[in-house]
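Overview (structure and organization)
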Amino acid sequence: MTRWPGAAALLFLAALSWLCLGAHELMHHATGRIICGAWGGMTLSTFVLPDNCPASAAWIAALAGPALSWALIYAGVALRGPIGLLLIFANLPLARVVTVATGGGDERIIGRALFGEMLGYPAMLAFTLVLAAPPLIHAWRHLPQRHRILGFVALLVLPLLWDLFFKRMLIGAMLPAEPAWSGVPVAIFASHAIALLLLALSWHSTRVE
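Residues numbered from 1 in each chain as written. Predicted model: local features only at pLDDT ≥ 70, side-chain atom pairs only at ≥ 80, totals over all residues. Heavy atoms only, no water.

**A look at the overall build of the protein**
Convention followed: The numbering of helices and of strands both runs from the N terminus, where a helix is a DSSP run of H or I of at least 4 residues and a strand a run of E of at least 2. The globule rule used for comparison is 2.2 Å times the number of residues to the exponent 0.38, while the radius of gyration itself is calculated over C-alpha atoms. Categorising residues by exposure relies on relative accessible area from a 1.4 Å probe, with only protein chains included: less than 20% of the type maximum marks a residue as buried, more than 50% marks it as exposed, and the intermediate range marks it as partly exposed. A 1.4 Å probe and the Shrake-Rupley method give the accessible areas. Residues count as covered only by the protein chains that appear here. Counted as positive: Lys and Arg. Counted as negative: Asp and Glu. His and the chain ends are not counted at all. To locate a charge, take atom NZ for lysine, CZ for arginine, CG for aspartate or CD for glutamate.
The helix and strand inventory of the protein stands at 7 helices and 4 strands. Traced from its N-terminal end to its C-terminal end, the protein shows the element sequence α-β-β-α-α-α-α-α-β-β-α. A compact globule built from 209 residues would reach a C-alpha radius of gyration of about 17 Å, and the protein, at 18 Å, matches this within 12%. Projected onto the principal axes, the alpha-carbon positions of the protein cover approximately 55 × 40 × 25 Å. Burial status across the protein gives 41% buried among its 209 residues. Carbon and sulfur atoms make up 71% of the accessible area of the protein, which amounts to about 11,300 Å² in all. Side chains of the protein give 12 positive and 8 negative charges; the mean places of these two sets differ by 15 Å.

**Quick notes on helix α2 (residues 57-78)**
Here is the rule: In a helix, the anticipated span is given by 1.5 Å times the number of residues less one.
Given a rise of 1.5 Å per residue, 22 residues ought to cover 32 Å, and the 31 Å separating the end C-alpha atoms of α2 matches this to within 8%. Here α2 has its buried residues at Ala57, Ala61, Ala62, Ala64, Gly65, Pro66, Ser69, Trp70, Ile73 and Gly76.

**Points about the state of the cysteines**
Selection criterion: Any two cysteine sulfur atoms within 2.5 Å of one another count as a disulfide.
With the rule as written, the count across this model stands at 1 disulfide. A disulfide bridge connects Cys36 with Cys53, and the sulfur atoms are separated by 2.0 Å. Where Cys36 bonds to Cys53 through sulfur, the torsion about that S-S bond is close to 120°, and the disulfide is right-handed. Of the two residues, Cys36 sits in helix α1 (residues 6-36) while Cys53 sits in the loop between β2 (47-48) and α2, which places them 17 residues apart along the sequence. According to the relative accessible area criterion, Cys53 is partly exposed, its value standing at 22%.

**What about the packing of helix α5 (residues 105-142) against helix α6 (residues 148-174)?**
For clarity, the cut-off: The axes are straight lines fitted to the C-alpha atoms, using for helices just the contacting stretch, and the angles between their N-to-C directions are given from 0 to 180°. For classification, angles of less than 35 degrees are called roughly parallel, those exceeding 145 degrees roughly antiparallel, those between 65 and 115 degrees roughly perpendicular, and all remaining angles oblique. Crossings are sorted by hand: turned counterclockwise from the far helix by less than a right angle, the near helix makes the crossing left-handed, and turned clockwise it makes it right-handed. Residue contacts are counted whenever heavy atoms from the two residues lie within 4.5 Å of one another. Polarity classes work like this: nonpolar for Ala, Val, Leu, Ile, Met, Phe, Trp, Tyr, Cys and Pro, charged for Asp, Glu, Lys and Arg, and polar for all others, with Gly in that last group.
Interhelical geometry of α5 versus α6 gives an angle of 140° and a closest axis separation of 10 Å. As summarised for this structure, α5 and α6 are arranged oblique, according to the angle between their axes. Considering only the axes of α5 and α6, their crossing is right-handed. Between α5, through Leu136, Ala139, Trp140 and Arg141, and α6, the contact on the second element is made entirely by Arg148, Ile149, Phe152 and Leu156. Its residues assigned to classes, the contact of α5 with α6 comprises 6 nonpolar, no polar and 2 charged.

**Remarks on the environment of Glu117**
In plain terms, the rule: Each polar contact in these results corresponds to two N or O atoms within 3.5 Å; when the atoms are within protein, one needs to be able to donate a hydrogen and the other to accept it, and residues that are neighboring in sequence are counted only if both atoms are side-chain atoms.
Tracing the chain through its elements places Glu117 in helix α5. A polar contact is formed between the side chain of Glu117 and the side chain of Arg112, at a distance of 3.4 Å.

**Comments concerning the pattern of salt bridges**
Here is the rule: Salt bridges are counted wherever a side-chain nitrogen of Lys or Arg sits within 4 Å of a carboxyl oxygen of Asp or Glu.
One pass over the structure, following the stated rule, counts 4 salt bridges. Where Arg112 meets Glu117, a salt bridge forms, and the shortest distance between an N and an O atom there is 3.4 Å. Sharing partners across several salt bridges, the network here consists of Arg96, Asp106 and Glu107.

Here's what the structure looks like:
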């Protein structure tokens, strides 16, 4: 397994996570546009559908974000080397499980729409655990044996803390809501451009083969 310099790996993971989670929200937003015929609005971590949408729009748009995140997680399984492992953790598999376990997030909307109030929670929890197990087992097996436990826990938790405290609480509160293009504040596009630049710089410095 290719050895990654610590600082470069952390920068790469932070930038990659920012872009992946941004794509998650953009997927919600774009799906709402397709279904509703008009743009809603979004922030770094939420989306709002426009008025007069079909009744099914909420759960279909909610499904689009996690569907992309799980697709990227499993793409990480398919890739070889540290890039694949970081792609798994950048999409916050722990957050997907915790969100369902606490009865919140996109999965709550999806579960209620597909399985009803009583069955929505257990169905989505079971489905999420089934989805999460293979990539996490894959990641565990492919991490270096030395400090494997510490590395696994860090890769699970650090992106989650980055998303919660830095992106949602700090940057999310600082970014202006206007002006917007197609319902997306320009500042969000700017943050994604910066993340893309940092991703490119950290990729070069890691010398991934």
